[in-house]
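Chain and residue survey
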Amino acid sequence: MAGSNSRTTVGALPDTTADSPLVPVAATWLVWALFAASVGALVAWIRLDGAWELGGLVAVDGLTVLMWVVVTFFSGVVHSYSRRYMAGSHHESTFFATVFAFTLVVMALVAADHVVLFGGLWLAMGLLMAALIGTVDGWPQAQAAAAVARRYFLASSALLGVALAALWWTTDATTITGITDATAAMSGPAWLLAAGALVLAAMIQSALVPFQKWLLSSMTAPTPASALMHAGFVNAGGILLVRFAPVLTVEAAVMYAIVAVGGASAIAGKLLKSVQPDVKGKLGSSTVGQMGFMLMQVGLGFFAAAITHLVLHGFYKAYQFLSAGEQVEHTTPSEATPHTVGRLPSVVGATVAILTGLAGGALFAVLTGKGTAVDSGLLLTFFVTFTTLHAARSAVNHASLSPTARYAAVPLVFFPAILVYTVVYEAISGLLAIGAVTTELTAIHVVIAVLFVGIYVGIETGVHEHSRRLYVALLNATQPDSDTLLTATEDYNEY
């Protein structure tokens, strides 16, 4: 590296099956063994139909065993992928040890019941992710990115500490199960402080606006670490809010605020993505938006839907990051590359999208029972259909198809996707200890939905592109921390 005395960290690429150090081999086998054990735990929990508790420290419920399966699967994929990706790196063993430790901490976190244990594991999870972001110790920008992330994660841990202390004070309970069982006693300033601190801690961890800078500054992380970050780490915010759902549902005003904050971040993520020139930057901005959708589902009281969104988004985003290099190769712009944002859809295209969405929404409502009455379930059905249809249209728009073929491809992609979402949602609903908290459809809900759709249509039709002030604001909002910027190729070329 220019101006650095660090030794070369990448050498000859070895045969991963024969020349790998012990740590990568052992970690990979162990994490897949943990995945198999987690699947066994899930099956056992379903058959035994009950929570497992251990002395006020650990409480294993449906959310716990589900997250064990998801986390170990993603971690196993990252471990296996990294066997080739990190081969020859001086930091290979350290990287694998850190990823494996991160996996163990997350598994312990979703099972932790005592508030002190939960808070300590939350802090450890953040510090380990910061270490993964700064894996290359001789790269100043990577170390700066790790420092930025560490500051945000420490702030998140501090807010969580305030929330746990306030809840402890209010309920006189030292466990999460004790706190959530004592919701009848929650009111007043201490409860409001706890609820606000919980939401802020989740927003920081999930990189929601205005806390997205740590995520957009983390592009120095090795690609497998980015996959783990976007497919798993950012999901911690949603898991936190679902774990403390009874605390948040005490007052409707808090839930309205969560919906509004989530909707703002969902729209902001799409706007930020529109000015990103690189693949990983677009994926990072997409994560900001998707975490906003997750928060909206929490605010609507559909916690199983929020977990469903996190799981499915995790699979999608892990694949997107691990295949980022392939995307660069296949999406290199040229003079013939069509400009999709800001191009008005044809009447046929718009009609196909609307009819497909209506049919898909009806299918989701019939299969789940949500959206069949004029309540918050109607909004859930709307947003699930909306996001799934958007994902289907995006996938079709990136395919090399004629306009006529695209009209047919949208429903062909959308209906299997909405069906998968429905099946996963129903399965997760059966696992969670807390059910949906359906509320009346209020004017606030309607206003949020109308604003959301209006802004989304404005973005799709390119209205936002006519404002130079907005463009500059978005460009500034997507800028990583100045110390993490790569100003010259020599700054990160190790050869």
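Structure's up top.
Residues numbered from 1 in each chain as written. Predicted model: local features only at pLDDT ≥ 70, side-chain atom pairs only at ≥ 80, totals over all residues. Heavy atoms only, no water.

With that out of the way, let us pick up the nonpolar core. In this structure, F118, W214 and I307 are the most contacted members of the largest nonpolar core, which totals 136 residues. Every residue in contact with W214, bar those within four places of it in the chain, is listed here: V148, A149, Y152, F153, I204, Q205, A207, M229, F233 and V234. (Core = buried A, V, L, I, M, F, W, Y, C linked by side-chain atoms within 4.5 Å. Buried < 20%, exposed > 50% of the residue type's maximum accessible area, 1.4 Å probe, protein only. Contact = heavy atoms within 4.5 Å.)

Right, let's get into unusual backbone geometry. With an omega dihedral of 10°, the bond running from V209 to P210 counts as a cis peptide bond. Among the secondary structure elements, P210 is positioned in the loop between α7 (188–205) and α8 (213–216). The phi angle at D172 is positive, at roughly 60°, despite the residue not being glycine. By the element assignment, D172 lies in the loop between α5 (140–171) and α6 (176–181). Under the relative-accessibility criterion, D172 is labelled exposed at 67%. The phi dihedral of A207 is positive, around 60°, even though this residue is not glycine. Assignment of secondary structure puts A207 in the loop between α7 and α8. (Helix = DSSP H or I, 4+ residues; strand = E, 2+ residues; numbered from the N terminus.)

This part is about the packing of helix α4 (residues 115–133) against α5. Geometry of a packed helix pair, given as the angle between the helix axes and the separation of the axes. At a minimum axis distance of 8 Å, the contact between α4 and α5 shows a crossing angle of 170°. By the angle between their directions, the pair α4 and α5 is classed as roughly antiparallel. Where α4 abuts α5, its residues V115, V116, F118, G119, W122, L123, G126, L127, M129, A130 and I133 lie against A142, A145, A146, A149, R150, F153, L154, S156, S157, L160, L164 and W168. Class assignment of the residues belonging to the contact of α4 with α5 gives a composition of 18 nonpolar, four polar and one charged. (Axes fitted to C-alpha atoms, helices over the stretch in contact; angles between N-to-C directions. Parallel < 35°, antiparallel > 145°, perpendicular 65-115°, else oblique. Nonpolar A, V, L, I, M, F, W, Y, C, P; charged D, E, K, R; others polar.)

Over its 22 residues, helix α16 (residues 347–368) extends 31 Å from the first C-alpha to the last, a length consistent with the 32 Å expected when each residue adds 1.5 Å. By the burial criterion, the buried members of α16 are A353, T356, G357, G360, G361, F364, A365 and T368. Buried residues of α16, seen end-on, are gathered within an arc of 165° and therefore sit on one face of the element. Facing away from the buried surface of α16 by more than 90 degrees, the exposed residues are V347, L355, L358 and V366. A positive phi of about 80° marks G369, the residue just after α16. (Expected span 1.5 Å × (residues − 1). Arc of directions from axis to C-beta.)

Within the element layout of this structure, N235 appears in the loop between α9 (223–231) and α10 (236–243). Spatially, the C-alpha atoms of N235 and L310 are 6.1 Å apart, while their sequence positions differ by 75 residues. Beyond its immediate chain neighbours, meaning those up to four positions away, N235 contacts M291 and L310. There is a polar contact of 3.5 Å between the side chain of N235 and the backbone oxygen of L310. (Polar contact = N/O pair within 3.5 Å; in protein donor to acceptor, adjacent residues only side chain to side chain.)

Considering the arrangement of structural elements, one finds Q297 in helix α13 (residues 279–299). Judged by its relative accessible area of 6%, Q297 falls in the buried class. When near neighbours in sequence (up to four residues on either side) are disregarded, Q297 contacts F302, A305, A306, H309, L380, V384 and Y421. Reaching out from Q297, the side chain makes a polar contact with the side chain of Y421 at a distance of 3.0 Å.

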